[in-house]
Amino acid sequence: MCGRYALFRWPQALTCLPGFPAGQPAQWNISPGASVLIQRQLDGQLQLAKARWGLTPAWLTDLSRTPAHARAETLAEQPMFRDAFRQRRCLMPANGFYEWRGSVRKRPYWLTPGEGASLYFAAVWEAYPVQDQVWLSCAVVTQAAMNQRRPLILDEAGQAAWLDPGTPLTRLHELLASPSAQLRERALANFVNDPKLDAPECLTPA
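Residues numbered from 1 in each chain as written. Predicted model: local features only at pLDDT ≥ 70, side-chain atom pairs only at ≥ 80, totals over all residues. Heavy atoms only, no water.

For the chain, an unreviewed UniProt entry supplies the name Abasic site processing protein and the organism Pseudomonas oryzicola. UniProt, in its Sequence similarities (unreviewed entry) section for the chain, records the words "Belongs to the SOS response-associated peptidase family." (UniProt positions renumbered as here; feature names shortened; annotations may be inferred.)

1. Some remarks on the overall build of the chain
The number of helices and strands found in the chain is four helices and twelve strands. In summary, the chain has a C-alpha radius of gyration of 16 Å against a globular reference of 17 Å for 206 residues, a match within 12%. Along the longest, intermediate and shortest principal axes, the C-alpha atoms of the chain span 45 × 35 × 35 Å. With 206 residues in all, the chain has 49% of them scored as buried. (Helix = DSSP H or I, 4+ residues; strand = E, 2+ residues; numbered from the N terminus. Rg over C-alpha atoms; globule rule 2.2 N^0.38 Å. Buried < 20%, exposed > 50% of the residue type's maximum accessible area, 1.4 Å probe, protein only.)

2. Quick look at the sheet that holds strand E12 (residues 184-187)
Each strand in a sheet pairs with another by means of backbone hydrogen bonds, the pair being arranged parallel or else antiparallel. Strand order in the open sheet formed by five strands is E2-E1-E7-E8-E12, with antiparallel pairing between adjacent strands. Two strands in the sheet have a free side with no partner beyond their single neighbour: strand E2 (27-30) and E12. The average undirected angle you get between the axes of adjacent strands in this sheet is 25°. (Pairing = 2+ DSSP bridges. Axes fitted to C-alpha atoms, helices over the stretch in contact; angles between N-to-C directions.)

3. Focus on the pairing of strand E8 (residues 107-112)
Across a regular strand the side chains alternate sides, sitting on one face of the sheet and then on the other. Bridge count between strand E7 (residues 96-101) and E8: five bridges; the pairing is antiparallel. By the bridge assignment, Tyr98 is partnered in E8 with Trp110. The turn linking E7 back onto E8 is made up of five residues, and Gly102 within it adopts a positive phi angle of 125°. In terms of strand pairing, E8 meets E12 through four bridges, oriented antiparallel.

4. Considering unusual backbone geometry
Phi at Asp43 takes a positive value of approximately 55°, unusual for a residue other than glycine. Phi is positive for Gln131, close to 55°, though the residue is something other than glycine. With respect to the helices and strands, the residue Gln131 is situated in the loop between strand E9 (119-130) and strand E10 (133-145).

5. Section: the state of the cysteines
All chains considered together, the criterion is met by zero disulfides. The thiol sulfur of Cys90 is not disulfide-bonded, and the nearest other cysteine sulfur, from Cys138, lies at 5.6 Å. Look at Cys90 and you get buried, because its relative accessible area is 0%. (Disulfide = S-S within 2.5 Å.)

6. Some points on helix H4 (residues 169-176)
Within H4 the residues assigned to the buried category are Leu172, Leu175 and Leu176. For H4, the angular spread of the buried residues around the axis is 100°, confining them to a single face. Packed against the buried residues of H4 are helix H2 (82-87), strand E6 (89-94), E10 and helix H3 (156-163). (Arc of directions from axis to C-beta. Contact = heavy atoms within 4.5 Å.)

7. Some thoughts on the pattern of salt bridges
In this structure the tally under the stated criterion is six salt bridges. The partner of Glu126 in a salt bridge is Arg88, with the nearest N and O atoms 3.1 Å apart. With Glu126 in strand E9 and Arg88 in the loop between H2 and E6, this residue pair connects regions lying 38 residues apart in the sequence. Grouping residues by exposure puts Glu126 and Arg88 together as buried. (Salt bridge = Lys/Arg side-chain N within 4 Å of Asp/Glu carboxyl O.)

8. Focus on the environment of Ala51
Along the chain, Ala51 turns up in strand E4 (residues 45-53). Considering only alpha carbons, one finds Ala51 and Gln143, 92 residues apart in sequence, at a separation of 22 Å. Setting aside residues no more than four positions away along its own chain, Ala51 makes contact with Ala34, Ser35, Val36, Ile38, Leu136, Ser137 and Cys138.

9. Examining the packing of aromatic side chains
Under the criterion given, the structure shown has nine aromatic pairs. Seen in terms of ring centroids, Phe8 and Trp110 are 6.2 Å apart; in terms of plane orientation they differ by 35°. Their pairing is tilted. Of this pair, Phe8 sits in the loop between strand E1 (5-7) and helix H1 (12-15) while Trp110 is found in strand E8, placing the two residues 102 residues apart along the sequence. Each of the two residues, Phe8 as well as Trp110, counts as buried. Arranged with centres 6.3 Å apart and planes meeting at 50°, the rings of Tyr98 and Trp100 form a pair that is tilted. (Phe/Tyr/Trp six-rings, centres within 6.5 Å; stacked < 30°, edge-to-face > 60°.)

Quick look at the structure:
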């Protein structure tokens, strides 16, 4: 399961979008519950916003149950996600994500398209009103890969289709069934195991 990822470098095109935070920090070890950057298309315009990683629909009463992940196979049918899938899709920009493997002592791995590359996870978002303020939240879409659950990574055409509110459901389901992205991987030292560590040391090779 993709429980951690990183966004410490971003393309200039991202910084030019409305909503890019002036003080956007480098994040090396992002966990569920953290404030993350999402990209949406609203009124025909690409925009960025900050959201909590953990989906919080407006009807949710148990705020201890805010899923950070949504399975691609059941996204369109599950009550928690189906409305967001049809109406509130977004992207989560990243440089890569972490994966732990092993049966006894798990080893962390760093997965990325390549050095300096960016990638975009398919995700859904919700708005949760609290008094006079509205909070955004999101969940990343995952698919089965290598006996794990990995983020659904979209190419440029897929990103545009995912964000477009006019994309037909048949096309959206095609995106959900997209082949897993080809990624490079690198075994890491155990520094990233500490969820409180948010520094370049997270990527220290094994």
